[in-house]
Amino acid sequence: MRTLWQHCHAATMAGGRYAIIEDAAIITAAGRIEWLGPRAELPSSAVAHSVDLAGAWVTPGLIDCHTHAVFGGNRSGEFEQRLQGVSYAQIAAQGGGIASTVRATRAASEDQLFSSARQRLEALMRDGVTTVEIKSGYGLDLANERKILRVARRLGDELALTVRATCLAAHALPPEYAGRADAFIEHICQQLLPALADEGLVDAVDAFCEHLAFSPAQVEKVFIKAHELGLPVKLHAEQLSSLHGSSLAARYQALSADHLEFMTEQDAVAMAQAGTVAVLLPGAFYCLRETQLPPIDALRRHGVKMALASDLNPGTSPGLSLRLMLNMGCTLFRMTPEEALAGVTVHAATALGLGDSHGSLEVGKVADFVAWQIERPAELAYWLGGELPKRVVRMGHELNL
Ligand code: NIG
Ligand code: FE
């Protein structure tokens, strides 16, 4: 069905800017944007169905390009420990942290994981999210990584949401490989990744490059295997210390390097040259009460595209609102509201390898958009969470959220 959406303003986010069209009209057909422009220039071709958006601001559907949304249990107990002064690294060293979520996730059935993740994703959707990335990484063996990735696929099938699934098997060392990190990496490369890729469960491959996780040399082995399998890579890098994982990611044309608080200017140069997106995660920065800011000025100076994401996970960022991350990106990281919105639309799409089809309002792209009842686009970063009145359109159809 061809639909005309009118009486609205559009922040198209084409080219990473608001690129505003006042008094805009949008024609959608077959799930795509067929025409977009000032209403005064609307072509006279017949439109079956017209929707009055009552002066709303239309943006692309929001894209949360870094989540760990599928997990068992929660870690509110560790939250209390951290409030008492115990650090994230200390908790991990005591067998908590990622390892405790691995235990809970291994114990959970596929249905249990599906229903808890579904509730979290529905919260994101009510906030205007139409595309989400979901990482595995709480299974850490073939059967349990498969379970998480199957749940991610099922969420994409059953919810009105586009889901990209990322295999993050190199997230932490499982107990059965204690003291044998190289052997675990070998297992990932020889068995786990090829099997899951063969089953069509993997859109990208990620790893955690950090002293308390895997070294750059170990991560590189995973990247080489991912490329052999034809899969793009991403990396958790420079979150707690500088190992130049982001430069390594750039050498492997990574879609993104994420966190980046401790990255250097040289890392930024490498990422700019490779077109690797910097995914900034203010929720984790905030929850861990970090003080080292990601080098936003260096990223800007070298033209690295910046995305923002929730990092939704039970340990460092139990964030259920992507718009709250817009506010944090501005308040904590000093991004502008325009940069923040580009970070959850056009640059987030690029961070998922979806830059040609998603992330901006442009003719030919998928018709995913949100019509917000706001007066200015900056309001999207201004309000602290809550629900803004809005209408969400996915693939040309309005959702009933
Ligand atoms: O993105 N940094 C590593 N992974 C997650 C945290 C995972 C956890 O603590 O459960 C992150 O912050
Ligand atoms: Fe993460």
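Because the structure is a prediction, the values reported are computed rather than measured.

Draft legend 1. Highlighting the packing of helix 5 (residues 142–158) against helix 6 (residues 181–198). Running from N to C, helix 5 and helix 6 point in directions that differ by 30°, and their axes come no closer than 10 Å. Here helix 5 is positioned roughly parallel relative to helix 6, judged by the angle of their axes. Crossing hand, helix 5 versus helix 6: right-handed. Between helix 5 and helix 6, the residues in contact are Leu-142, Glu-145, Arg-146 and Leu-149 and Leu-192, Ala-195 and Leu-196, respectively. For the contact of helix 5 with helix 6, the class distribution of residues is five nonpolar, no polar and two charged.

Draft legend 2. Inspection of the domain arrangement of the protein chain at higher detail. Here the protein chain is partitioned into domain 1 (3–60 + 361–398) and domain 2 (62–351). The C-alpha-based centres of domain 1 and domain 2 are spaced at 30 Å. Contact residues are listed per partner, giving 24 residues for domain 1 and 22 residues for domain 2. For the pair domain 1 and domain 2, the summed buried surface comes to about 1,900 Å²; carbon and sulfur atoms form 59% of the total. A per-residue breakdown of the area domain 1 buries against domain 2 is headed by Met-13, Ala-381 and Arg-394, which together make up 27% of the total. A salt bridge links Arg-126 to Glu-387, with the nearest nitrogen and oxygen atoms 3.7 Å apart. The tally of links between domain 1 and domain 2 comes to nine residue pairs in polar contact (both at pLDDT 80 or more). Residue assignment for the side of domain 1 that touches domain 2 shows that the elements contributing at least two residues are strand 4 (49–60), strand 13 (369–372), helix 15 (379–382) and strand 14 (390–394). It is strand 14 that provides the largest number of residues to the side of domain 1 that touches domain 2, a total of four residues. Of the residues contributing to the side of domain 1 that touches domain 2, the split by class is 15 nonpolar, four polar and five charged.

Draft legend 3. The arrangement of the pairing of strand 7 (residues 162–170) in detail. Burial runs high along strand 7: eight of the nine residues are buried. Sheet topology note: the strand 6 (residues 129–135)/strand 7 ladder contains five bridges and is parallel. If you follow Lys-135 over to strand 7, its bridge partner there is Thr-166. Bridge analysis of strand 7 against strand 8 (residues 204–209) gives three bridges, and the strand direction is parallel. When the bridges of strand 8 are listed, Thr-166 appears paired with Ala-204. In this region the chain leaves strand 7, passes through helix 6 and returns to the parallel neighbour strand 8; the handedness of that crossover is right-handed.

Draft legend 4. Structural detail: the pattern of salt bridges. In the structure shown here, the tally under the stated rule is 22 salt bridges. Of the charged contacts, one joins Glu-265 and Arg-301 as a salt bridge, the two residues approaching to 2.9 Å between their closest N and O atoms. You can see Glu-265 sitting in helix 9 (residues 265–274) and its partner Arg-301 sitting in helix 11 (residues 296–301), a full 36 residues away along the chain. Owing to a relative accessible area of 54%, Arg-301 belongs among the exposed residues under this scheme. Put simply, Arg-106, Asp-141 and Glu-176 are held in one network by salt bridges that share partners.

The rules behind these values
- Residues numbered from 1 in each chain as written.
- Chains lettered and ligands numbered in written order.
- Predicted model: local features only at pLDDT ≥ 70, side-chain atom pairs only at ≥ 80, totals over all residues.
- Heavy atoms only, no water.
- Axes fitted to C-alpha atoms, helices over the stretch in contact; angles between N-to-C directions.
- Helix = DSSP H or I, 4+ residues; strand = E, 2+ residues; numbered from the N terminus.
- Parallel < 35°, antiparallel > 145°, perpendicular 65-115°, else oblique.
- Left-handed = near helix turned anticlockwise from the far one by under 90°.
- Contact = heavy atoms within 4.5 Å.
- Nonpolar A, V, L, I, M, F, W, Y, C, P; charged D, E, K, R; others polar.
- Domains from an automatic or database assignment.
- Buried area = accessible area lost by both parts, 1.4 Å probe.
- Salt bridge = Lys/Arg side-chain N within 4 Å of Asp/Glu carboxyl O.
- Polar contact = N/O pair within 3.5 Å; in protein donor to acceptor, adjacent residues only side chain to side chain.
- Buried < 20%, exposed > 50% of the residue type's maximum accessible area, 1.4 Å probe, protein only.
- Pairing = 2+ DSSP bridges.
- Right-handed = clockwise from strand over helix to strand, strands pointing away.

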